[in-house]
Amino acid sequence: MAIRPIVKWGHPALHSAAKPVLNIDGAIVALVNDMVETMYAAPGIGLAAPQIAVPLRVIVIDLSVSEDPKQLIRLVNPEFVEQEGEQWEEEGCLSVPKFGGSPSRPARVSVRGLDLDGKEQVITATQLLARAFCHEIDHIDGLLFVDRLSPLKRDLMKRKLRKKIRSGDWED
Ligand SMILES: [Zn+2]
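Attention here is on the structure that accompanies the text. (Residues numbered from 1 in each chain as written. Predicted model: local features only at pLDDT ≥ 70, side-chain atom pairs only at ≥ 80, totals over all residues. Heavy atoms only, no water.)

**Looking at the pairing of strand β7 (residues 120-126)**
Where strand β6 (residues 108-114) meets β7, seven bridges bridge the pair, whose relative direction is antiparallel. Across the sheet, residue Gly-113 finds its bridge partner in β7, namely Gln-121. In this structure, the hairpin formed by β6 and β7 is closed by a connection of five residues, where Gly-118 is found at a positive phi of approximately 80°. (Pairing = 2+ DSSP bridges. Helix = DSSP H or I, 4+ residues; strand = E, 2+ residues; numbered from the N terminus.)

**Comments concerning the coordination of the zinc ion**
Around the zinc ion, the protein contributes the donor atoms Cys-93 (SG), His-135 (NE2) and His-139 (NE2), at 2.1 to 2.3 Å from the metal centre. We note that the donor set of the zinc ion lies within a single chain, spaced as C-x41-H-x3-H. Of the two residues, His-135 and His-139 both sit in helix α2 (residues 127-140), four residues apart, roughly one turn of that helix. Summarising the burial analysis for this pair, His-135 and His-139 share the class buried. (Donors = N, O, S within 2.8 Å, 3.2 Å for Na, K, Ca; no water. Buried < 20%, exposed > 50% of the residue type's maximum accessible area, 1.4 Å probe, protein only.)

**A closer look at the packing of aromatic side chains**
Tallying each qualifying case throughout the model produces one aromatic pair. Note on Phe-99 and Trp-170: the rings are 6.2 Å apart at their centroids and 85° apart in plane angle, and the pair reads as edge-to-face. Here Trp-170 lies in the segment after α3 (151-166) and Phe-99 lies in the loop between β4 (87-88) and β5 (104-105), a separation of 71 residues in the sequence. When sorted by exposure, Phe-99 lands in the same class as Trp-170, which is buried. Above the plane of the ring of Trp-170 lies Lys-8, whose end atom (NZ or CZ) is 5.3 Å from the centre. (Phe/Tyr/Trp six-rings, centres within 6.5 Å; stacked < 30°, edge-to-face > 60°. Lys NZ or Arg CZ within 6 Å of the ring centre and 35° of its normal.)

**Describing the sheet that holds strand β1 (residues 46-48)**
On the basis of which strands lie adjacent, the open sheet formed by five strands has the order β1-β2-β3-β6-β7 and antiparallel pairing. Edge positions in the sheet fall to β1 and β7, since each of these pairs with one other strand and no more. Recorded for the sheet is a direction-independent mean angle of 35° between the axes of neighbouring strands. Judged from the six bridges that link them, strand β3 (residues 73-84) and β6 form a sheet pairing that is antiparallel. Bridging from a neighbouring strand, Gln-83 pairs with Val-109 of β6. Seen against the sheet, helix α1 (residues 26-41) touches β1, β2 (58-61) and β3 and runs at an angle of roughly 40° to β2. Contacts from α2 reach β1, β2, β3, β6 and β7, with the element oriented near 155° to β2. (Axes fitted to C-alpha atoms, helices over the stretch in contact; angles between N-to-C directions. Contact = heavy atoms within 4.5 Å.)

Worth remembering: the numbers are spatial, not functional.
What follows is the structure, given as structure tokens:
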């Protein structure tokens, strides 16, 4: 296992849709293990493969950040089965450090995907877990929370982000 560098807003991998995984082989298992380790090291509650510049539809989520092994979710090719209601809470992103926003999210979601054995899993979630699914599935669709803000807030944040990149304040 290895901690991989997390790419930031402006990196092309974050702004285009990722491809479905066709075959869950050893390379995918290794990718998922690296994603979990990278998420815990950050630390964060979720990570999508595009955030480590891998354009594949793979996400990991652990609201407990490694405290409770039962809470670790690893999903390949996740997709929404249902979305219902609405919630707005503050969100951050490891790829947009020091920024936050409150995009509209569904109150309840059902998500379908494959586990590492290729078995279909369906998970229903509310509150923070529902938001985490939306946030990570957005990543594999090439969207960041910034893209979900109102036009005014989005443009303001993008101006600030471009300024950070120009000033060289955006690299690790
Ligand atoms: Zn994120």
